[in-house]
Structure formats: structure tokens, C-alpha cells
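Here are the chains, one letter per residue:
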Amino acid sequence: MSQIAPHFAGPGRHPDLDAEQVRALVDRSRAAQPAWAALGFDGRRRVLLRARSIMARDMDRFIGAVVRDTRKPYEDAQLEVLSGVASLDFWAKRAEHYLKDQRVRTRSPFVFRYKLEIGFAPRGVIGVIGPWNVPMINSFGDCIPALAAGNGVVLKPSELTPSLGLECEALMREAGAPDGLYAVATGAGATGEALIDAVDFLQFTGSTATGKRVAERAIQTLTPYTLELGGNDPMIVCADADLDRAASAAVFYGFGNAGQICVSVERVYVEESVHDQFVAKVVERTGRLRQGLGHGEPGRVEVGPMISPAQADVVKAHIDDAVAQGATVRTGGGLVETSDRFIEPTVLTGVTQSMRCMREETFGPTLPIMPVRDIEEAITLANDTPYGLGAVVFTRDRARGEAIAKRLQAGTVNVNDAWMSYFALEVPMGGHKQSGIGARHGAEGIQKYCDKQTRVVARFHLGNEPVWYPHDGRVGRLLRRVIPLVYGRAPR
Ligand code: NAD
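Residues numbered from 1 in each chain as written. Predicted model: local features only at pLDDT ≥ 70, side-chain atom pairs only at ≥ 80, totals over all residues. Heavy atoms only, no water.

## Thoughts on the packing of helix 4 (residues 74–99) against helix 5 (residues 136–148)
- Axis separation between helix 4 and helix 5 bottoms out at 9 Å; the angle between their running directions is 10°. Between helix 4 and helix 5, the angle falls in the class roughly parallel. Of the two elements, helix 4 crosses helix 5, and the hand of that crossing is right-handed. Packed against helix 4, whose contacting residues are Glu80, Val81, Ser83, Gly84, Ser87, Leu88, Trp91 and Ala95, the element helix 5 presents Met136, Ile137, Gly141, Ile144, Pro145 and Ala148 at the interface.
- Of the residues assigned to the contact of helix 4 with helix 5, the class counts are nine nonpolar, four polar and one charged. (Axes fitted to C-alpha atoms, helices over the stretch in contact; angles between N-to-C directions. Helix = DSSP H or I, 4+ residues; strand = E, 2+ residues; numbered from the N terminus. Parallel < 35°, antiparallel > 145°, perpendicular 65-115°, else oblique. Left-handed = near helix turned anticlockwise from the far one by under 90°. Contact = heavy atoms within 4.5 Å. Nonpolar A, V, L, I, M, F, W, Y, C, P; charged D, E, K, R; others polar.)

Take a look at the structure:
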């Protein structure tokens, strides 16, 4: 494993906005929003597609903004920017489909004379609070459907990675969005709290612990929210799996972005008959990885640094805990000597379910691998966690893979791959259990940014409805006879 001498510039200096400054940004966005909504889907589509084209033509500008703050490898940042381009394209073209008025047919005899319709209107100003690990996908990416729906947006990116959000402020201006419609509030937790107080809806992505604090804050103003939180994703490898593909996937999805992805493979359960073979393939592939700082050029390294020494400490603590309880480090195992930000890609065997690396979110480049008697045991262990974000199954038998998926307590399950749910914008991506409330993507991923209105319109009507006053007893007696005839029969 090669290493490049570590040097970490970190993000530039940006002010921590106070409550008054945050409120001013929200007010400005609120003032710009009606004109943006009035553009309609066609007008907004043109602006968002212009933004898409600028981003696609000048990808390195946005990759540079991600790399500047994170020093992740070019390819990790490029994947993020590709998702930004795809997301601008998707929501520009599909917002209208998801937000058009929906006619609903009724089966109720009480309302058969009425037209039932659901409509969607922008809520006003949406607050988005994001984490540091993928600033395009989980910060600006969540702003795109909110904008496509006709809202103003104020983003509070992580204090560790503000550059991409700010670059996108310039992008939206260049694309022709009204001034102030999309704005960035830089700062840490207190800035986030001020944003929650000021907006009409909050989309939060971050750790489960912070998510709980955010929910407590939002309830004070009854601000509606969705929470995309932490995970501890299991990968199940069946004995019949293509072991080469499974091993390559474990290495890519375990160590990609240095393991700092909410849906990283965090723990692997392998049927015992193929365990040793699988481990050998994973160790061999891990040994070939080059580790170092991203320099904004493709092809240099595979695994980058941790975002901070504090995050590296968490990962190191999980490795040390596993070793202290009897696990074996098959490759890697700790901090690269010359840096407090590089954790070597680490494969652990001899792990047990009670170890921190199996029970908690590690959020680093570790792959603990555990043999299981059979798939029943794998499913039980995979579900034995407070988290429920993603899960992965590898088998040559697709039907079996899907059957296993249905028994996993996870918002998203990939069979014979992982992370693809990030790019499948038509389907929701959210967490079960303590991994979140609500979802991004799909119909839900844009309708949540709207006030929903139910319209019930009387089509043919009488001068006076039978249930209105006066109550002379005729309707009451009639209903007493009719209701048992319609609803009173016992099911066969
Ligand atoms: P974090 O919870 O520490 O911070 C997230 C954001 O919340 C930051 O912008 C931070 O400044 C802000 N914040 C902190 N305190 C706040 C408060 N009291 N009120 C409002 N905002 C506050 O998370 P992190 O370390 O930046 O990111 C890593 C975590 O994010 C991991 O747990 C990871 O799994 C999770 N994550 C989840 C998803 C998902 O889609 N489910 C995606 C990416 C990351």
C-alpha cells in the first residue's frame, strides 16, 4: 500500500452565522420565492437544466470544491458530482410529473357525487442541513428537488465542508435563479438551530445523535422535517455468490470515500463454507489499494484521509476494541504513522457481534468479516442493530437474494451491488429504525417539500343536503335501516 505524504489544508475560513444573519438569509429567500414559483415548471426546468449543463461542462470546478475541503480522491469526488448532474437533470424533468394535481376515485357511497383531488404547492423556504462526508449528494443534492418544487432554499453545510455549497450559490446565479433564492448559511450547530427556527420545512442529514437534537428543536416551532441518519450496513455473502465480484464489492463499498458513506459496507457475514476463500480475496484486493491525499487529478489514489483526527480516533477505537476482544487484523490495522488522519484500510476476522465495529457505526475504512452457519443466522445478525439504513446481499440466485432482502430491516437493500440506490432517483431512500424518518428521492422526495391540499368539490348537489338541518328524524331512521344492509353483513 503506497502513501502520499499527508498535508491537509482543510476548508477556508467562513463565518459562523448567528440567528439574526440566518433569519436575514431566510427572509431574502422568502422574498425571491414567489417569482420563482410563478415561473412554473417550464421556467424552473430551464434554470435547473442550465445549472446541470454548467456543472457537466465544468465538472472539475465542483470536484475541486469537494476535494479542497475533504482531500478525498478525485474519483470519490467525481462520483458525487456525477450524482449532482444526474439529480439536476432528473428533478428538472420529473418535478412536474410528481407534483401535478392527482384525481382520486372514491369507492365511498358518501362522497360519490364529489370530485376528489390532491394538489401540491411549494412550502416557502426549505432549510437543508448536511454532513461533511458527501457535500454534493447529501447537501446540495437535497436542495435540488426543493428548488424544482418552487421553494427557496437555505443550506447549512457542515462546518468542515462549506466550499461545494458556496460554489453552487454561484452556479445558481449563473444559471439564472433569482438572487437570494438559494443561499448558504455557514457555521456549526448553533447556525443549524437558528435555521430550524426560521424555515418552513427542514431536511436534515447527519448522525443519529444530532438528528434527535434536531427533532427536539423542530418540535418547538412545529416545523416539519425529515431525518436521514446513521447506519451500520451489513453485507451477506451466500455460499453460491460470485466470490470475486463479492470481494471486489466489499473492498469498494467498504473503503470507498475511506468508509465515510452512510451506506458503506460496515460488517460482512459470510456462509462458513466460503469464508476463508472470501477473506483471502478481500485481503489480496485490499493490499493493492493506494492511500493518500486527493489532489484533484484522476488515477492517483484509491483511499483518502479521514475528515478529522477526531473521526480517525473513533475508527481506531473500534479497531482496538475488536483486537482487545480477540479479533485478528488481516491487513491494515491503524493510523498511518505519518498522519493522524489516515486509517489504513483494515480487514478484521475473528470478530463477534458484541464488538463495537459490529454494533456501532464506524464510518471508516474497516471491514470486519464473520462466518455464519447459514443464511438464517446471517439475517438474524444483520437485523441485530438499532440502525436500518441499507443492506447488501450477494448470491447467484436472484430470487433467493430478493427473498433475503425482504427479511432485512433496512430502508434500502441492494442485491449483488451496493450504493445503487443513490442513483435510482425514482425510488425512495430512507432509513428504518434509528436511521431516519422520511426519505429522499421518488415521489416522496419532492412531495415532502410541498404543502399538500385535498380538494373535495361537490359536482351535483341538492338545495339542502339530507344530513343538514333540520333533523326531523326521517334521515336518521333511514340510515338506521340502510347502514346495516350495506355494512352489516359478516365476511364469508
Ligand atoms: P453530524 O450529526 O455531526 O452533523 C451533521 C450536521 O448537523 C452538520 O452540518 C452540523 O453542523 C449540524 N449540527 C450539529 N449540531 C446541530 C444542532 N444542534 N442543530 C442543527 N444542526 C446541527 O454528522 P456528521 O459527522 O457531519 O456526518 C456523519 C453522519 O451523517 C454519519 O452518522 C452518517 O451516517 C450520517 N449520514 C447519513 C446519510 C443518510 O442519507 N442517511 C448520508 C450521509 C451521512
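## What to know about the site of the ligand
- With respect to spatial proximity, 32 residues lie near the ligand, and among them Gly130, Glu159, Ser207, Thr210 and Glu361 are the closest.
- Trp132 is positioned with one of its side-chain polar atoms (N or O) 2.8 Å from an oxygen atom of the ligand.
- Isolated, the ligand exposes 860 Å² of accessible area, and the fraction of that covered by the protein chains is 90%.
- A majority-of-atoms criterion places the ligand in the largest pocket.
- Of all elements in the fold, only helix 7 (189–198), strand 6 (201–205) and helix 8 (208–220) reach the threshold of two or more residues within the shell around the ligand. (Near = heavy atom within 4 Å. Polar contact = N/O pair within 3.5 Å; in protein donor to acceptor, adjacent residues only side chain to side chain. Areas by Shrake-Rupley, 256 points an atom, 1.4 Å probe, with all protein chains shown as cover. 1 Å grid on protein atoms, 1.4 Å probe; cavity = no way out; pocket = protein on both sides within 12 Å on 5 of 7 lines; lining within 4 Å. Sits in = over half its atoms within 2 Å of the grid points.)

## What to know about the layout of surface pockets
- Looking at the largest pocket, its volume works out to about 880 Å³.
- Forming the boundary of the largest pocket are 39 residues, of which Pro131, Phe204, Gly206, Ser207 and Thr210 lie nearest the centre.
- Taken together, the elements giving at least two residues each to the lining of the largest pocket come down to helix 7, strand 6, helix 8 and helix 11 (309–324).
- Among the elements that take part in the lining of the largest pocket, helix 8 stands out by supplying six residues, more than any other.
- Of the residues that constitute the lining of the largest pocket, the class distribution is 17 nonpolar, 14 polar and eight charged.
- A domain split of the lining of the largest pocket shows at least three residues from each of domain 1 (2–229 + 440–451) and domain 2 (234–428).
- Volume-wise, the second largest pocket comes out at about 430 Å³.
- Class assignment of the residues belonging to the lining of the second largest pocket gives a composition of 14 nonpolar, no polar and two charged. (Points joined across faces, edges and corners; volume = space filled by probe spheres on them. Domains from an automatic or database assignment.)

## A word on the sheet that holds strand 2 (residues 114–122)
- With respect to topology, three strands assemble into an open sheet ordered 1-2-18, the strand pairing being antiparallel. The open sheet has two edge strands, strand 1 (102–104) and strand 18 (450–458), and neither has a second partner. Across the sheet, the axes of successive neighbouring strands diverge by a mean angle of 25°, strand direction being ignored.
- Pairing between strand 2 and strand 18: nine bridges, direction antiparallel. Each bridged residue has a counterpart across the sheet, and for Ala121 the counterpart in strand 18 is Asp451. (Pairing = 2+ DSSP bridges.)

## Notes on the sheet that holds strand 6
- Strand order across the open sheet formed by six strands is 5-4-3-6-7-17, with mixed pairing between neighbours. Both outer strands of the open sheet, strand 5 (182–184) and strand 17 (436–437), are each paired with one neighbouring strand and no more.
- Here three bridges tie strand 4 (residues 152–156) to strand 5, and the two strands are oriented parallel to one another. When the sheet's bridge partners are listed, Val154 is paired in strand 5 with Ala183.
- Each of strand 4 and strand 5 is contacted by helix 6 (residues 163–175), which is oriented at about 155° to strand 5, the strand it contacts most.
- Sheet contacts for helix 7: strand 3 (125–129), strand 4 and strand 6; angle to strand 3, the most-contacted strand, approximately 155°.

## Let's talk about the state of the cysteines
- According to the stated counting rule, one finds zero disulfides in the structure shown.
- Cys143 carries a free sulfur, and the closest cysteine sulfur to it, the one in Cys168, is 8.3 Å from it.
- Cys262 takes part in no disulfide bond, and the closest cysteine sulfur, belonging to Cys143, lies 16 Å away. (Disulfide = S-S within 2.5 Å.)

## Description of the packing of aromatic side chains
- Counted according to the given criterion, the structure contains ten aromatic pairs.
- Pairing Phe90 with Trp91 gives two aromatic rings, centres 4.9 Å apart and planes at 85°, and the pair type is edge-to-face.
- Judged by its relative accessible area of 9%, Phe90 is buried.
- Measuring from ring centre to ring centre gives 5.6 Å for Phe201 and Tyr449, while their planes differ by 85°; the resulting arrangement is edge-to-face. One end of the pair, Phe201, is in strand 6; the other, Tyr449, is in the loop between helix 15 (444–447) and strand 18, and 248 residues separate them in sequence. For the pair shown, Phe201 and Tyr449 are each scored as buried.
- Ring pairs connect the aromatic residues Phe90, Trp91 and Tyr98, which therefore count as one cluster.
- Stacked on the ring of Phe41, the Lys or Arg Arg44 has its end atom at 4.9 Å from the ring centre. (Phe/Tyr/Trp six-rings, centres within 6.5 Å; stacked < 30°, edge-to-face > 60°. Buried < 20%, exposed > 50% of the residue type's maximum accessible area, 1.4 Å probe, protein only. Lys NZ or Arg CZ within 6 Å of the ring centre and 35° of its normal.)

Any functional reading would require information that these geometric values do not contain.
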